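Here are the chains, one letter per residue:
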Amino acid sequence: MAFSKIGTTAISDDAVSLAKMATGTDGNVITYDASGNPVAIATGNDGQVLTSTGAGSPPAFETAGGGATGLITSGSWSTSSDNIDIASCFSNSDGYDAYKFILNGLSVTSDTQLWLRFKSASGNISDSDYEYAFFQRRSGDVEVTVQSTGDTKILFPPSNLWGGSGDYGYNTEITFYDPTQGGYTNISQQDSYYNSNGDAAMSYGGGLLKQSTDVTGFKMIIAAGSANTSGDVGQYFLYGWKNS
């Protein structure tokens, strides 16, 4: 004798196995519609995520939204090297509006400063079109300013890093504002370190390249000496930032 209908009271809890379910489509997800009826969510494409579409509507597989920030590159300043050269890190196609560079714990062999030079698709930009201004406050109740126009690079910080010891790492953040937009390229910079005068020092300021150039990267150079092999070698990170 065949049964065409079985009441729910006749089915024990946890009695329906997977084998007793109707066949479906690989990747579909079972859920409920606005009326409370079971429905299958169609399989999405590779890389899509299951997303809520709000109350009264089944979820759906959709392309994940891009994050506001993203890590572009990272590394360490090579020991005994006087520079890091980060080429082709800025692009019109990456969707970023600004970039944040973070350098952590760089120690150097000599009392010195750093300088920054932009790069284009043609190579290093070394024309006398850089301008900058930086302010520094030290724990020894000293204030220092440094500025320049018509320079071939951006020089910072206002006072020397302490050289020769691995215990006095230099730490800085530099923001590049839309370097691929074809106009003047601007940066802002801030840092914290122990300087060659034996003071805790904090600096901030900015600079620009007065050229209507698509900047694609940058090079940072230790003005005298090199990275210290006996201490921190300077980890760095470059992030991209989006407005949305």
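Each remark here, short or long, concerns the structure printed above.
Residues numbered from 1 in each chain as written. Predicted model: local features only at pLDDT ≥ 70, side-chain atom pairs only at ≥ 80, totals over all residues. Heavy atoms only, no water.

**Q** Would you explain the overall build of the protein chain in this entry?
**A** If you tally the helices and strands in the protein chain, you get zero helices and 17 strands. Taken along the three principal axes of its C-alpha coordinates, the protein chain extends 100 × 40 × 35 Å. A burial count over the protein chain gives 36% of its 244 residues as buried. Computed over 11 positive and 24 negative side-chain charges, the separation of the two mean positions in the protein chain equals 2 Å. (Helix = DSSP H or I, 4+ residues; strand = E, 2+ residues; numbered from the N terminus. Buried < 20%, exposed > 50% of the residue type's maximum accessible area, 1.4 Å probe, protein only. Lys, Arg positive; Asp, Glu negative; His and termini not counted. Charge placed at Lys NZ, Arg CZ, Asp CG, Glu CD.)

**Q** What's the story with the environment of Met 220 in this structure? I'm lost.
**A** Locating Met 220 in the fold gives a position in strand 16 (residues 217-222). Beyond its immediate stretch of four places on either side in the chain, Met 220 contacts Trp 77, Asp 82, Asn 83, Ile 84, Phe 101, Leu 103, Leu 114, Trp 115, Leu 116, Phe 156 and Ile 174. (Contact = heavy atoms within 4.5 Å.)

**Q** I keep staring at the nonpolar core and nothing clicks. Help me out?
**A** Here is a general trend for soluble globular proteins: nonpolar side chains tend to be buried in one another's company. Ranked by internal contacts, the top residues of the largest apolar core, which has 39 residues, are Phe 101, Phe 118, Phe 176, Phe 218 and Met 220. Setting aside its immediate chain neighbours within four residues, Phe 218 contacts Ile 84, Asp 85, Ile 86, Cys 89, Phe 90, Phe 101, Leu 116, Arg 117, Phe 118, Lys 119, Phe 176 and Leu 238. (Core = buried A, V, L, I, M, F, W, Y, C linked by side-chain atoms within 4.5 Å.)

**Q** Before we go on, may I ask you to explain the side chain of Thr 213 in this structure?
**A** Residue placement: Thr 213 occurs in the loop between strand 15 (200-209) and strand 16. Overall, the relative accessible area of 17% leaves Thr 213 in the buried class. If we ignore the near neighbours within four places in the chain, the residues touching Thr 213 are Ser 120, Ile 125, Pro 179, Gly 182, Gly 183 and Thr 185.

**Q** Please explain the packing of aromatic side chains as it appears in this structure.
**A** Applying the stated criterion across every chain, the model contains 14 aromatic pairs. Measuring from centroid to centroid gives 5.1 Å for Tyr 170 and Tyr 193, while their planes differ by 70 degrees, and the two rings are edge-to-face. Here the residue Tyr 170 occupies a position in strand 13 (residues 170-177), and Tyr 193 occupies one in strand 14 (residues 185-194), the gap between them amounting to 23 residues. Grouping residues by exposure puts Tyr 170 and Tyr 193 together as buried. An aromatic cluster is built from Phe 90, Tyr 96, Tyr 99, Phe 101, Phe 118, Tyr 130, Phe 176, Phe 218 and Tyr 236, whose rings are joined through pairwise contacts. Over the ring of Tyr 96 we find Lys 242, and its NZ or CZ is 5.4 Å from the ring centre. (Phe/Tyr/Trp six-rings, centres within 6.5 Å; stacked < 30°, edge-to-face > 60°. Lys NZ or Arg CZ within 6 Å of the ring centre and 35° of its normal.)

**Q** What exactly am I supposed to notice about the sheet that holds strand 13 here?
**A** Whether parallel or antiparallel, the strands of a sheet pair through hydrogen bonds between backbone atoms. In spatial order, the strands read 5-17-7-13-14-15-10-11; together these eight strands make up an open sheet with antiparallel pairing. The open sheet has two edge strands with one neighbour each: strand 5 (69-76) and strand 11 (142-151). In this sheet, adjacent strand axes meet at a mean angle of 10 degrees when their direction is disregarded. Two strands pair when backbone bridges link them, and strand 7 (residues 98-106) and strand 17 (residues 233-241) are joined in this way by eight bridges, in the antiparallel orientation. The residue bridging Phe 101 from the neighbouring strand is Leu 238, located in strand 17. (Pairing = 2+ DSSP bridges. Axes fitted to C-alpha atoms, helices over the stretch in contact; angles between N-to-C directions.)

**Q** Is there a simple way to think about the side chain of Thr 180 in this case?
**A** On the secondary structure map, Thr 180 appears in the loop between strand 13 and strand 14. Taking relative accessible area as the criterion, Thr 180 reaches 6% and is therefore assigned buried. For Thr 180, the side chain forms a polar contact with the side chain of Asn 92, separated by 2.9 Å. Beyond its immediate chain neighbours, meaning those up to four positions away, Thr 180 contacts Phe 90, Ser 91, Asn 92, Asp 214 and Val 215. (Polar contact = N/O pair within 3.5 Å; in protein donor to acceptor, adjacent residues only side chain to side chain.)

**Q** Teacher, can you tell me more about the environment of Gln 235 here?
**A** On the secondary structure map, Gln 235 appears in strand 17. With relative accessibility at 41%, the residue Gln 235 sits in the partly exposed group. Spatially, the C-alpha atom of Gln 235 lies 18 Å from that of Gln 113, the residues being 122 residues apart in sequence. Not counting the four nearest positions on each side in its chain, Gln 235 is found in contact with Gly 75, Ser 76, Ile 102, Leu 103 and Asn 104.

Fair warning: the whole summary comes from geometry, so function is off the table for now.
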